Amino acid sequence: MAKILNVYHLEKSYSSGSKNLKVLQDINFEVEEQKTFAIVGPSGSGKTTLLGLCAGLDSPDSGSITLCGSELSNLDEDERALLRNKHIGFVFQDFQLLSTLTALENVAVPLELQGDKKALKIGKELLEKVGLGDRIHHYPSQLSGGEQQRVALARAFSTKPSILFADEPTGNLDAETGEKVEELLFDLNRESGTTLIIVTHDIELANKTQHILRLKGGKIVENREKQVQ
């Protein structure tokens with residue numbers, strides 16, 4: 001299976017007052033196409049920083065990241081944005097829906113930006129798939145947290161991304177709602193053949209993936225493939 005993400009000797013620091021805070025040290029790993037992959041670790045271990053670097057939202061101090069065949073350091077900001085629009089989906093802990101748009105409009109936005117004339121039709125089909133066919137004209141404020149995250153899932157998969165980054169996708173949800181969202185996330189992912197990378201501190205969620213990368217203090221302390229039943 002081809003590799004969709006290659007990370008080599010990644011280093012990242014931030015300045016904090018007069019101190020230099022090393023967030024990631026010598027990070028090396030690869031992700032195969034269509035695999036489910038979890039990045040786990042305690043708060044402050046560098047998980048979200050690593051996700052941002054892998055998605056080209058930030059640049060490392062040193063090391064290299066190749067995403068969907070492109071070496072990110074060779075791309076300018078516009079080229080990276082183009083790569084994200086074409087190949088990448090995102091799901092965030094706080095949903096990040098546009099409050100002035102309905103559920104349907106939120107899902108259709110990425111497709112409309114790509115010039116897809118069937119944006120609303122595809123959006124409606126996806127919302128029906130996540131169980132929100134009767135809520136398509138509701139605004140985010142009229143939806144529960146679980147419903148908002150289901151809209152976010154539909155939006156993330158609307159452009160059929162090659163790879164989807166999910167940052168604590170159930171972090172703001174109660175256990176029962178979180179479980180339903182997880183189920184949908186894996187179902188949609190399986191159906192679309194997308195590579196899924198989940199950043200989480202939830203070990204139960206991580207154990208549902210095929211590969212676990214564990215961070216502690218900005219370093220990899222575990223990197224293992226596992227058999228999913």
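Residues numbered from 1 in each chain as written. Predicted model: local features only at pLDDT ≥ 70, side-chain atom pairs only at ≥ 80, totals over all residues. Heavy atoms only, no water.

1. Quick word on the overall build of the chain
Cut-off, in case you're wondering: The numbering of helices and of strands both runs from the N terminus, where a helix is a DSSP run of H or I of at least 4 residues and a strand a run of E of at least 2. The size measure is the radius of gyration over C-alpha atoms, and the globule rule it meets is 2.2 Å times the number of residues to the 0.38 power. Residue burial considers only the protein chains on display, and all accessible areas are found by Shrake-Rupley using a 1.4 Å probe.
Scanning the chain from N- to C-terminus turns up 7 helices and 10 strands. In summary, the chain has a C-alpha radius of gyration of 18 Å against a globular reference of 17 Å for 229 residues, a match within 12%. For the chain, the spread of C-alpha atoms along the three principal axes comes to 50 × 45 × 40 Å. If you sum the accessible surface of the chain, you get close to 11500 Å²; carbon and sulfur atoms cover 47% of it.

2. Brief notes about the side chain of Thr200
The cut-off we apply is this: Accessible area is worked out with a 1.4 Å probe on protein chains only. A residue is then buried under 20% of its type maximum, exposed over 50%, and partly exposed in between. We define a polar contact as two N or O atoms separated by no more than 3.5 Å, with the added condition that, inside protein, one atom must be a possible hydrogen donor and the other a possible acceptor, whereas residues neighbouring each other in sequence contribute only through side-chain atom pairs. Residues count as neighbours in contact if any of their non-hydrogen atoms are within 4.5 Å of one another.
Residue position: Thr200 is located in strand β8 (residues 195-200). Accessibility expressed as a relative area gives 1% for Thr200, which makes it buried. Within the local environment of Thr200, its side chain forms a polar contact with the backbone nitrogen of Asp202, the two atoms lying 2.8 Å apart. Those residues in contact with Thr200, other than ones at most four positions away along the chain, are Ile39, Val40, Gly41, Lys47, Glu168, Leu205 and Ala206.

3. Quick notes on helix α1 (residues 47-54)
Helical geometry: 3.6 residues make up each α-helical turn, so side chains three or four residues apart lie on a common side. By the criterion of burial, α1 is predominantly enclosed, with 7 of the 8 residues buried. Where α1 is concerned, the buried positions are Lys47, Thr49, Leu50, Leu51, Gly52, Leu53 and Cys54. Note on α1: the residue one or two positions beyond its end, Gly56, has a positive phi of about 75°.

4. Overview of the environment of Lys160
For Lys160, the location among the structural elements is in the loop between α5 (145-158) and β7 (163-167). As a C-alpha pair, Lys160 and Gly193 span 33 residues in sequence and 8.8 Å in three-dimensional space.

5. Side note on the environment of Val107
Within the element layout of this structure, Val107 appears in helix α3 (residues 103-113). Val107 sits in the buried class, given a relative accessible area of 0%. In sequence terms Val107 and Lys124 are 17 residues apart; their C-alpha atoms lie 8.3 Å from each other. Residues contacting Val107, with those up to four places away along its chain left out, are Gly123, Leu126, Leu127, Val151, Ala154, Arg155 and Ser158.

6. Quick word on the sheet that holds strand β5 (residues 70-71)
Using the following cut-off: Here a strand pair is declared whenever DSSP counts at least two bridges between the two strands.
Pairing is antiparallel in the open sheet, where 4 strands are placed in the order β2-β1-β4-β5. What marks the edges here is a single partner per strand, and that holds for β2 (19-32) and β5. Two strands pair when backbone bridges link them, and strand β1 (residues 3-16) and strand β4 (residues 62-67) are joined in this way by 5 bridges, in the antiparallel orientation. Bridging from a neighbouring strand, Glu11 pairs with Ser62 of β4.

7. Quick look at the pairing of strand β3 (residues 36-40)
Most of β3 sits inside the fold, with 5 of its 5 residues counted as buried. The two faces of β3 match: Thr36, Ala38 and Val40 on one face and Phe37 and Ile39 on the other face are all buried. Where β3 lies against β8, 5 bridges are found, and the strand directions are parallel. Opposite Thr36, over in β8, you have Leu196 as the bridge partner.

8. Observations regarding the side chain of Thr102
Along the chain, the position of Thr102 falls in the loop between β6 (88-91) and α3. Excluding its chain neighbours within four sequence positions, the residues that come into contact with Thr102 are Ile136, His137, His138 and Tyr139.

9. Comments concerning the pattern of salt bridges
What counts, and what does not: We count a salt bridge whenever a side-chain nitrogen from Lys or Arg sits within 4 Å of a carboxyl oxygen from Asp or Glu.
Enumeration according to the criterion identifies 16 salt bridges in this entry. As a salt-bridge pair, Asp187 and Arg190 come within 3.1 Å of each other at their nearest N and O atoms. Taken together, the positions of Asp187 and Arg190, both in helix α6 (residues 175-192) and 3 residues apart, correspond to about one turn of that helix. Three or more residues are tied together by salt bridges with common partners; here these are Lys3, Glu30, Glu32, Lys35 and Glu225.

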